[in-house]
Amino acid sequence: MPLSPFPLEILTTDQMARADRLTIESGVPGIELMESAGVALARVTTRILQRTSGRRVLALCGPGNNGGDGYVAARLLKAQRYKVKVASLVPPDQLRGDAARAAAGWAGTLLPAQECDFDGVDLVIDALFGTGLARDLDLPAQTLVNRLNQWRRETKQSVVSVDIPSGVDGTTGAIRGAAVEADETVTFFRVKTGHLLLPGRTRCGQLTCAHIGIRSTTLESMQVKTFVNAPDLWLSALPRPKVDGHKYTRGHALVVSGGASFTGAARLSASAALRAGAGLVTLASPSDALLVNASALTSVMVRPADGAGGLAAVLADERKNAVAIGPGLGVSEESCRQVEVSLTPQAYRRAAVLDADALTSFESDPFRLWRATRAAPGPVVMTPHAGEFARLFSECNSDRALRSKLDRARDAARVSGAIVLYKGPDTVVAAPDGRASIQATASPWLATAGSGDVLTGIVAGLLAQRMDGFLAASCAVWMHTRAAELFGPGLIADDIIATLPRVWRELFGVAS
Ligand SMILES: NC(=O)C1=CN([C@@H]2O[C@H](COP(=O)(O)OP(=O)(O)OC[C@H]3O[C@@H](n4cnc5c(N)ncnc54)[C@H](O)[C@@H]3O)[C@@H](O)[C@H]2O)[C@H](O)CC1
Ligand SMILES: [K+]
C-alpha cells in the first residue's frame, strides 16, 4: 500500500521557481533539468502508448519552459519511432533560453497550435503552460484547450499534462479561464498546492512526481510549512499502546451528547474516539437522553450532565483530558456556554474538538468563540465544512477567487488560535503556527450521514492520547479517508468506525 504517495513538502509556484533558481545557481544547467523533465514525461507517455497500442503523438507546446519540456519529450519519443508532431502556441523564434534550445533540438513536423487538428492522434502532450501561468488564458488558448478537452471526451484518447494541466493555477488550484482535463500529470521535484486543491485536482488525473536533479537541500532556506497529509507526516507521533501502560495513560475523552432526539451523532463520535485509541470515553448526556444513550452503548460510559453547569461538574475530573462537542448539540446560547465550559482555562492541559453546532452556535458572534479558543488550556481543533467555515470565518473567506482554501484556512487558524480542519474532498488542516496539511486522496463514499461525527471522534481519541493537535487532526483526516477507501462501496458512518482496526494494522505494519 502506498502510504505516502509523494514527498511531504508541497510548494507554491514561487517556491518551485526558487528551488529551480537555486539549483541552477549551484551549477546544474537549466537545460539538464529540462532534459530530465522530458525523460520523465516520455517515460509516462510510452507507458500509456504501450498499453493502448498507440503510435501517434501530438505535443502542444507553449511560450515558456513548460513548452520546452514538451519539445524534449517530442524528440525522445520520435527517437523511439513514435509518430510525433509538435504544435506551438507561438512562433518558435519567440522562445527564449532553455525553451529555445529545446525547440532547436526538434527536427520534426511543427505547426501553429491554433491550426492543429487532433484527427488520428492517439495521445496529446499538454505542454502549454506550467508553473509560469500568470493570468487567465487568452481566448485563442482557451479555444484550443476546450477543443482538446472535447476531443478527449469524444475519442477517449489520453492527455498527459506536463507539470500541471494548462490553465490550472499551480498555487491556488483555480481554473484560469479554461483548463486541460488530463489523464496523467507529471510534475517535478515536489507537488504544488494547485495539484491537490480543488478544482485543480480534478483536472490532473493520475499525478506522478518525478525527480529531475533538484536537491531537497534547496528547500532549507524556504521553511516550507505545507505538507501532503500522509503517514510520513505524523506516524512517528502516533501513539502506540505500551506493554506497561494502562487505560488512563491512553487518555480519557469526554463527548457531549445532544438531547433525547439527537443522540446518534455524539454516540458515533464517542465510539470513534474509543477506536482511535482513547483509553476511556465518557458520554456526557442530558438526563432526558440518559436511557437511550446508555442502552445503545457498551464500552463507552455514560454520565448525566445537564447544560453548562452539568458539563462543568463532569469536567471537574481532570483525567478527562479531551472534550468533543458539537455533533447533535443543537444551536443555542446554552451550547455556547457548554463550549466555553469545555475551553475554560485551568492548570492542566485539556484538548478540545469543536464541530457542527458548537461552531454554528457562535455564528452571530464569532469573536466570542475566538476569545474562548485563544484562552483554552490545550490544543483546540475546529472541524468546519464549507458552509460552517463561510458562516464563522466570513472575514477570512473573502476573495475566494484569488485566495486558496489553504490560505483561508491558515487565516482562520491565525484569528482563532485554533487548529482549523477545513473539511471537503481536499481537506486542509491549518495550525496557528503556520503548519498546514492537504489530504491528497478522497473517497466519495465519505459523503454519508454521520461521517463528520466519526471524524470528530477520531480527532478526540488522538488528542486524548496527547498527540500534537495539528498532527492529530491531520492523522484523523487520513485515517477517516483510509477507512472509507478500504471499506469502499456501501459505506455508512458505522463502517468507518468498524474499519479503523484495519487502518491501525496498516499503519503499524501488522499483517492482516
Ligand atoms: N521548475 C523547474 O525546476 C523546472 C521547470 N521546468 C518547466 O518550466 C515550467 C515553468 O516555466 P516558465 O517558463 O516559468 O513558465 P511557463 O512555461 O508555465 O509559461 C510561462 C510563459 O507563458 C507566459 N504566460 C503566462 N501566463 C500566460 C497566459 N495566461 N497567456 C499567455 N501567456 C502566458 C509567460 O509570460 C511566459 O512567457 C514548469 O512548469 C516546468 O514544466 C523545466 O523545464 C524543468 C525544471
Ligand atoms: K502543462
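These figures come from a predicted structure and were not determined experimentally.

**Q** Quick one: what's the story with the sheet that holds strand E8 (residues 226–229), residue by residue and with numbers?
**A** Strand order in the open sheet made by the 10 strands is E8-E17-E16-E15-E14-E13-E12-E9-E10-E11, with mixed pairing throughout. Two strands close off the open sheet at either side, each with one partner strand: E8 and strand E11 (301–304). Averaged over all neighbouring strand pairs, the angle between strand axes comes to 20°, with direction disregarded. Sheet analysis places strand E9 (residues 252–256) next to strand E10 (residues 280–285), joined by 5 bridges and oriented parallel. Looking at E10, one finds that His252 is bridged to Leu280. Along the sheet face, helix H12 (residues 333–342) touches E9, strand E12 (320–325) and strand E13 (351–354) and points at about 155° away from the line of E12.

**Q** Break down the confidence of the model for the chain for me, citing the residues and quoting the values.
**A** Confidence along the chain averages 95 in pLDDT terms, with 98% of residues attaining 70 or more. Here the prediction assigns the complex a pTM of 0.96, and the interface score ipTM is 0.97.

**Q** Residue-level account of the site of ligand 1, with values.
**A** Residues in close proximity to ligand 1 total 29 residues, the closest being Gly64, Asn65, Asn66, Gly130 and Gly132. Every element with two or more residues in the shell around ligand 1 is listed here: helix H1 (13–25), helix H2 (30–52) and helix H3 (65–79). In terms of residue class, the shell around ligand 1 is built from 14 nonpolar, 9 polar and 6 charged.

**Q** Can you break down the domain arrangement of the chain residue by residue, with the values?
**A** Once the domains are mapped, the chain shows domain 1 (13–224) and domain 2 (231–507). Between domain 1 and domain 2, the C-alpha centre-to-centre distance is 41 Å. Tallying the contact residues gives 9 residues for domain 1 and 8 residues for domain 2. Here the side of domain 1 that touches domain 2 is built from residues that sort into 4 nonpolar, 4 polar and 1 charged.

**Q** Give a detailed account of the UniProt feature "binding site: K(+)" (unreviewed entry) in the chain, specifying residues and quantitative values.
**A** Mapped onto the present numbering, the UniProt feature "binding site: K(+)" (unreviewed entry) falls on Asn66, Asp126 and Ser166. These annotated residues cover 101 residues of sequence, but their C-alpha atoms sit close together, with the largest distance between any two at 9.4 Å. Structurally, Asp126 can be placed in strand E4 (residues 123–127). Residue class for Asp126 comes out buried when judged on the 30 C-beta atoms lying within 10 Å of it. Non-local contacts of Asp126, meaning those with residues more than four positions away in its chain, are made with Leu60, Val159, Val160, Ser161, Val162, Pro165, Ser166, Val180 and Ala182. Tracing the sequence through the fold places Ser166 in the loop between strand E5 (158–162) and strand E6 (184–188). Those residues within four positions of Ser166 in sequence are excluded, and the remaining contacts are Gly62, Asp126, Leu128, Phe129, Val145, Ser161, Ala179 and Val180.

**Q** Any chance you could break down the nonpolar core for me, citing the residues and the numbers?
**A** By size, the foremost hydrophobic cluster in this structure holds 158 residues, and its most contacted members are Ala59, Val255, Ala273, Ile419 and Val459. Looking at which element gives the most residues to this core, the answer is helix H18 (residues 469–487), with 11 residues. Two domains each provide a minimum of three residues to this core, namely domain 1 (13–224) and domain 2 (231–507). In contact with Ala273, not counting residues within four places along its chain, are Ala253, Val255, Ala278, Val281, Ala324, Gly457, Ala460, Gly461 and Ala464.

**Q** Can you break down unusual backbone geometry residue by residue, with the values?
**A** Of note, the bond from Leu198 into Pro199 is cis; its omega dihedral lies within 30 degrees of zero at 0°. Within the element layout of this structure, Pro199 appears in the loop between helix H6 (193–196) and helix H7 (200–204). Phi is positive for Asp163, close to 70°, though the residue is something other than glycine. Its place among the elements puts Asp163 in the loop between E5 and E6.

**Q** Can you break down the pairing of strand E17 (residues 436–439) residue by residue, with the values?
**A** Every regular strand shows the same layout, with side chains that alternate between the two sheet faces. Here E17 shows a buried face lined by Ala436 and Ile438 and a second buried face lined by Ser437 and Gln439. Across 4 bridges, E8 lies against E17 in parallel orientation. Residue pairing in the sheet places Asn229 in a bridge with Gln439 of E17. Across 3 bridges, strand E16 (residues 428–430) lies against E17 in antiparallel orientation. Looking at the pairing, Val428 lines up with Ile438 of E17.

**Q** Just give me the short version of the environment of Val420, but keep the residues and values in it.
**A** Mapped onto the secondary structure, Val420 falls in strand E15 (residues 419–422). We classify Val420 as buried; it has 29 C-beta atoms within 10 Å. It is 23 Å that separates the C-alpha atoms of Val420 and Leu500, two residues lying 80 residues apart in sequence. Sequence-distant contacts of Val420, that is, excluding residues within four places in its chain, are made with Met382, Ala409, Ala412, Ala413 and Ala430.

**Q** Could you give an account of the UniProt feature "domain: YjeF N-terminal" (unreviewed entry) in the chain, with specific residues and numbers?
**A** Following the UniProt record, one finds the feature "domain: YjeF N-terminal" (unreviewed entry) at residues 16–220. Helix makes up 40% of residues 16–220 and strand 18%, whereas the separation of the span's terminal C-alpha atoms amounts to 13 Å.

Rules of the game
- Here the residue index of a chain counts from 1 through its sequence in written order.
- Both sets of labels track the order of writing: A upward for chains, 1 upward for ligands.
- Reporting of local features is limited, given that this is a predicted model, to residues whose pLDDT is at least 70; pairs of side-chain atoms are given and counted only at 80 or more, and all residues count toward the totals for whole chains, interfaces and linings.
- Note: two strands are recorded as paired if DSSP finds a minimum of 2 bridges between them.
- Labels follow the DSSP assignment, with helices taken as runs of H or I lasting at least four residues and strands as runs of E lasting at least two, numbered in each case from the N terminus.
- A fitted line through C-alpha atoms represents every axis, and for helices the fit uses only the stretch in contact; the resulting angles, taken between N-to-C directions, go from 0 to 180 degrees.
- We call two residues in contact when the distance between their C-beta atoms, placed using the backbone, is within 7 Å.
- pLDDT: the predictor's confidence for each residue, scored from 0 to 100.
- For each residue, a C-beta atom is placed from the backbone, and the residue counts as near a molecule or strand when that atom lies within 6 Å of it.
- Note on residue classes: Ala, Val, Leu, Ile, Met, Phe, Trp, Tyr, Cys and Pro are nonpolar, Asp, Glu, Lys and Arg are charged, and everything else, Gly too, is polar.
- Each domain's limits were defined by an automated method or a database of domain assignments.
- UniProt positions are given in the numbering used here, feature names are shortened, and annotations may be inferred rather than shown by experiment.
- Exposure in this text rests on C-beta crowding, where 20 or more other C-beta atoms within 10 Å of a residue's own make it buried, 12 or fewer make it exposed, and counts in between make it partly exposed. The C-beta atoms are placed from the backbone.
- By convention in this section, buried Ala, Val, Leu, Ile, Met, Phe, Trp, Tyr and Cys residues joined through C-beta atoms within 7 Å make up a nonpolar core.

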